[in-house]
Amino acid sequence: MIYQALTGFPVNISSSTTEISLKSIPSCELEESPDNNTQIEKAKLSFTTLDTLPTSMPLAFLITTTAGNHYILGTREKLYPTIKVTSNTSKPDAEAAVHRYEVSFTARKALIPYNL
């Protein structure tokens, strides 16, 4: 999928998706840098949710920006994104416990534009 995006060929989503209910405004950062005469992208997605994600299997994340652009972060084939989860417990009579996820992905094309 990464090479498909690098060539400019449109990427479509053909598998099922699961929506994540967010507890805060997510953020996604993209850093570009040269490496051995090739541009490398490093993307980092951070979000908080009550959901528990199956991090033991390869995941890809679909991102929609406020401007209406659509991106895929990671792929379900090698190279996989790195997923770090931090869980906290809540205080009695407070909000429920949440999970904070940080998804990192480094590739020639880390944020892949896709069509709906």
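Up top is the structure.
Residues numbered from 1 in each chain as written. Predicted model: local features only at pLDDT ≥ 70, side-chain atom pairs only at ≥ 80, totals over all residues. Heavy atoms only, no water.

### Structural notes on the environment of I83
Tracing the backbone through its elements, the reader meets I83 in strand β5 (residues 82-87). Considered as a pair, I83 and S46 are 37 residues apart in the sequence and their alpha carbons are 9.9 Å apart. Sequence-distant contacts of I83, defined by excluding residues within four places in its chain, comprise T55, L59, F61, Y101, E102 and V103. (Helix = DSSP H or I, 4+ residues; strand = E, 2+ residues; numbered from the N terminus. Contact = heavy atoms within 4.5 Å.)

### Here we look at the environment of F105
With respect to the helices, strands and loops of the structure, F105 is situated in strand β6 (residues 99-107). Note: C-alpha distance between F105 and K44 (61 residues apart in sequence) is 6.6 Å.

### Thoughts on the pairing of strand β2 (residues 38-49)
In this structure, strand β1 (residues 27-35) lies alongside β2, joined through 9 bridges in antiparallel fashion. Paired with P34 across the strands is Q39, a residue of β2. The antiparallel pairing of β1 with β2 creates a hairpin that spans 2 residues between the two strands, and N36 there sits at a positive phi of about 55°. Sheet analysis places β2 next to β6, joined by 9 bridges and oriented antiparallel. Across the sheet, the residue bridging to L45 is V103, located in β6. (Pairing = 2+ DSSP bridges.)

### Topic: unusual backbone geometry
Its identity is not glycine, yet N36 carries a phi of approximately 55°, on the positive side. Since its relative accessible area comes to 73%, N36 is described here as exposed. Phi is positive for N37, close to 65°, though the residue is something other than glycine. As for its placement among the helices and strands, N37 is situated in the loop between β1 and β2. (Buried < 20%, exposed > 50% of the residue type's maximum accessible area, 1.4 Å probe, protein only.)

### Details of the packing of aromatic side chains
Scanning the entire structure with this criterion turns up 2 aromatic pairs. Ring centres 5.3 Å apart and planes at 20° place the aromatic pair F47 and Y101 in the stacked group. Within this pair, whereas F47 is found in strand β2, its partner Y101 is found in strand β6, the two being separated by 54 residues in sequence. A relative accessible area of 2% means that Y101 is categorised as buried. (Phe/Tyr/Trp six-rings, centres within 6.5 Å; stacked < 30°, edge-to-face > 60°.)

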